[in-house]
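Examination of the molecular architecture
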Amino acid sequence: MYSSKISGVGHYVPERVVTNDDLSKIIDTNDAWITERTGIKERRFADLEAGETPSVMGTKAAELALKRANISKHDIDFIIFATLSPDYYFPGPGVMVQDQLGIGEIGALDVRNQCSGFVYGLSVADQFIKTGMYKNILLIGAELHSGGLDMTSRGRGVSVIFGDGAGAVVISRAENGEEGILSTHMHSEGKYAKELALLSPNTSHWVPEIMQKNDPEDLSYYPYMNGNFVFKHAVVRFSEVIEEALQTNNCSVSDIDLLIPHQANLRISQFIQKKMGMRDDQVFNNIMKYGNTTAASIPIAMSEAWEEGRLQPGKLICLAAFGSGFTWASALLRWH
Ligand code: UT7
């Protein structure tokens, strides 16, 4: 059995910055409300005319991760792409990365686990490397939310939260006894599927029917979130799954050098930090700059933490996520 480690991290965010004040010009909202409830000050919106799709952003993040891993794109054995906002309904964006990178005919897998998608993808990659099947796997999380949000006051409870961007990591076989990924943990509770969901179009509500009805009251093609309900479950599940990772490895909260939570809401991060008795320097937050970028949020945060020198050899890093499904997941890793 082999071990795996993260050998490179990268991210790409669109240039266009959209501040809370910008949103308040088109939606009945304001900077004070958004800041107080979520911590978000601004987010990035992709430029569709310039071709900034999830796969394109993901490929850019991947190129940086490959450079930092110091490996050639031709050494990648497999691609995993986590997103809830693929370029197309099908095929998924993994194959587009294979094409855009211009590499061989390797496998490309798409992961549909929303906010937990990156950690789920990490777990899949870890298993492939542990068994010896692959040596280097490219894992991408990328989202383009801006094009699908209800940018009217009606949608303000959801639309002010989300942003666009991409992050990527290269996961490689660990050498010489390096520890790397220690464990991963995944959970789901499908009875709450509709509490945070984008329901249409779907196999029983197809586009022709939607067009034929042309019903202005049909909001099923906008994301829906039962915000309070999701919040209450998030704080419980985040702490549980972090504890699970710690217990599995006989570690305690004080051993964590950096917790990188999915950036859902600064208040959620602060709640978990307080509940678990963690110091400010143990928790990484960058939601202020990017909003919630779903599957991209953890790899973007990891890439920024790496740039800030906070991912140093020997550090114990915990990743944790919760979101639509509901799904939640964590990973504990020793940086190398
Ligand atoms: O990443 C996946 C997981 N997602 C999450 O974990 C998100 C979890 N949920 C949340 O973060 C929070 O529930 C939100 C930030 C989405 C909402 O915060 P909240 O404190 O739960 O607010 P609320 O929905 O209860 O709304 C409170 C008030 C309402 O007005 P009334 O009924 O009290 O008069 C809303 O209409 O705030 C109003 N409101 C807004 N006002 C200004 C809702 N959205 C806005 C807005 N601007 N954008």
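See the structure shown above.
Quick word on the site of the ligand
Close to the ligand lie 24 residues; Thr29, Arg37, His262, Asn265 and Asn292 are nearest. Separating an oxygen atom of the ligand from a side-chain N or O atom of Trp33 is a distance of 3.0 Å. For the ligand, an oxygen atom lies 2.8 Å from a polar atom in the side chain of Arg37. In isolation the ligand exposes 960 Å². Once the protein is present, 74% of that is buried. Of all the cavities here, the one that holds the ligand is the second largest pocket. Every element with two or more residues in the shell around the ligand is listed here: helix 2 (31–38), helix 6 (156–159), helix 8 (227–248), helix 9 (266–276) and strand 12 (316–323). Sort the elements by how many residues they give to the shell around the ligand and helix 8 lands first, with four residues.

A short note on a nonpolar patch on the surface
On the surface, Tyr89, Phe90, Trp206, Val207 and Met211 cluster together into a nonpolar patch covering about 630 Å² of accessible area. Tracing the chain through its elements places Phe90 in the loop between strand 4 (78–82) and helix 4 (94–101). Accessibility expressed as a relative area gives 69% for Phe90, which makes it exposed.

Side note on the sheet that holds strand 11 (residues 258–261)
The strand order across the open sheet formed by four strands is 8-13-12-11, and the pairing between neighbours is mixed. Edge positions in the sheet fall to strand 8 (180–188) and strand 11, since each of these pairs with one other strand and no more. For this sheet, the mean angle separating the axes of adjacent strands, direction not counted, is 10°. The strands that helix 5 (residues 117–130) touches are strand 8, strand 12 and strand 13 (327–334); relative to strand 8, the one it contacts most, it runs at about 125°. The sheet contacts of helix 11 (residues 297–307) involve strand 11 and strand 12, and relative to strand 11 the element is tilted by about 145°.

Considering the packing of helix 8 against helix 9
Remark: helix 8 packs on helix 9, axes separated minimally by 10 Å, with the N-to-C direction vectors making an angle of 45°. In terms of their interaxial angle, helix 8 and helix 9 are classed as oblique. The hand of the helix 8/helix 9 crossing is right-handed. Counting all contacts with helix 8, which are made through Phe231, Ala234, Val235, Val236, Phe238, Ser239, Ile242 and Glu243, the residues of helix 9 involved are Arg267, Ile268, Phe271, Ile272, Lys275 and Met276.

Structural notes on the pattern of salt bridges
Scanning the model with the defined rule gives 15 salt bridges in all. A salt bridge links Lys5 to Glu178, with the nearest nitrogen and oxygen atoms 3.1 Å apart. Here Lys5, found in strand 1 (residues 4–12), pairs with Glu178, found in the loop between strand 7 (165–173) and strand 8; they are 173 residues apart in sequence, far enough to count as distant. The partly exposed category is assigned to Glu178, whose relative accessible area is 26%. Between Asp126 and Lys130 there is a salt bridge, and its shortest N-O distance comes to 3.0 Å.

Describing the side chain of His233
Relative to the helices and strands, His233 resides in helix 8. Leaving out residues up to four positions away in the same chain, His233 has contacts with Glu189, Tyr192, Phe322 and Phe326.

As for the sheet that holds strand 7
Across the sheet, five strands lie side by side as 1-7-6-4-5; this open sheet has mixed pairing. Single-partner strands in this sheet number two, and they are strand 1 and strand 5 (107–111). Ignoring which end each strand starts from, the neighbouring axes of this sheet average 20° apart. Relative to strand 5, strand 4 runs parallel, the two being bridged by five bridges. Residue pairing for strand 5: Phe81 is matched across the bridge by Asp110.

Here we look at the pairing of strand 11
Burial along strand 11 is two-sided: the residues Leu258 and Ile260 and Leu259 and Pro261 are all buried. Both strand 11 and strand 12 contribute to a ladder of four bridges, which runs parallel. Pairing of Leu259 across the sheet is with Cys318, part of strand 12.

Notes on the layout of surface pockets
There is about 1100 Å³ of room inside the largest pocket. Along its surface, the largest pocket is lined by 39 residues, and Leu84, Ser85, Pro86, Arg112 and Leu198 are the ones closest to its centre. Residue assignment for the lining of the largest pocket shows that the elements contributing at least two residues are helix 3 (54–69), helix 4, strand 9 (196–197) and strand 10 (224–225). Residues from two domains meet in the lining of the largest pocket; each of domain 1 (3–174) and domain 2 (180–334) gives at least three.

Criteria and thresholds
- Residues numbered from 1 in each chain as written.
- Predicted model: local features only at pLDDT ≥ 70, side-chain atom pairs only at ≥ 80, totals over all residues.
- Heavy atoms only, no water.
- Near = heavy atom within 4 Å.
- Polar contact = N/O pair within 3.5 Å; in protein donor to acceptor, adjacent residues only side chain to side chain.
- Areas by Shrake-Rupley, 256 points an atom, 1.4 Å probe, with all protein chains shown as cover.
- 1 Å grid on protein atoms, 1.4 Å probe; cavity = no way out; pocket = protein on both sides within 12 Å on 5 of 7 lines; lining within 4 Å.
- Sits in = over half its atoms within 2 Å of the grid points.
- Helix = DSSP H or I, 4+ residues; strand = E, 2+ residues; numbered from the N terminus.
- Patch = residues over 30% accessible without salt bridge, like charges linked within 9 Å, V, L, I, M, F, W, Y side chains within 5 Å.
- Salt bridge = Lys/Arg side-chain N within 4 Å of Asp/Glu carboxyl O.
- Buried < 20%, exposed > 50% of the residue type's maximum accessible area, 1.4 Å probe, protein only.
- Pairing = 2+ DSSP bridges.
- Axes fitted to C-alpha atoms, helices over the stretch in contact; angles between N-to-C directions.
- Contact = heavy atoms within 4.5 Å.
- Parallel < 35°, antiparallel > 145°, perpendicular 65-115°, else oblique.
- Left-handed = near helix turned anticlockwise from the far one by under 90°.
- Points joined across faces, edges and corners; volume = space filled by probe spheres on them.
- Domains from an automatic or database assignment.

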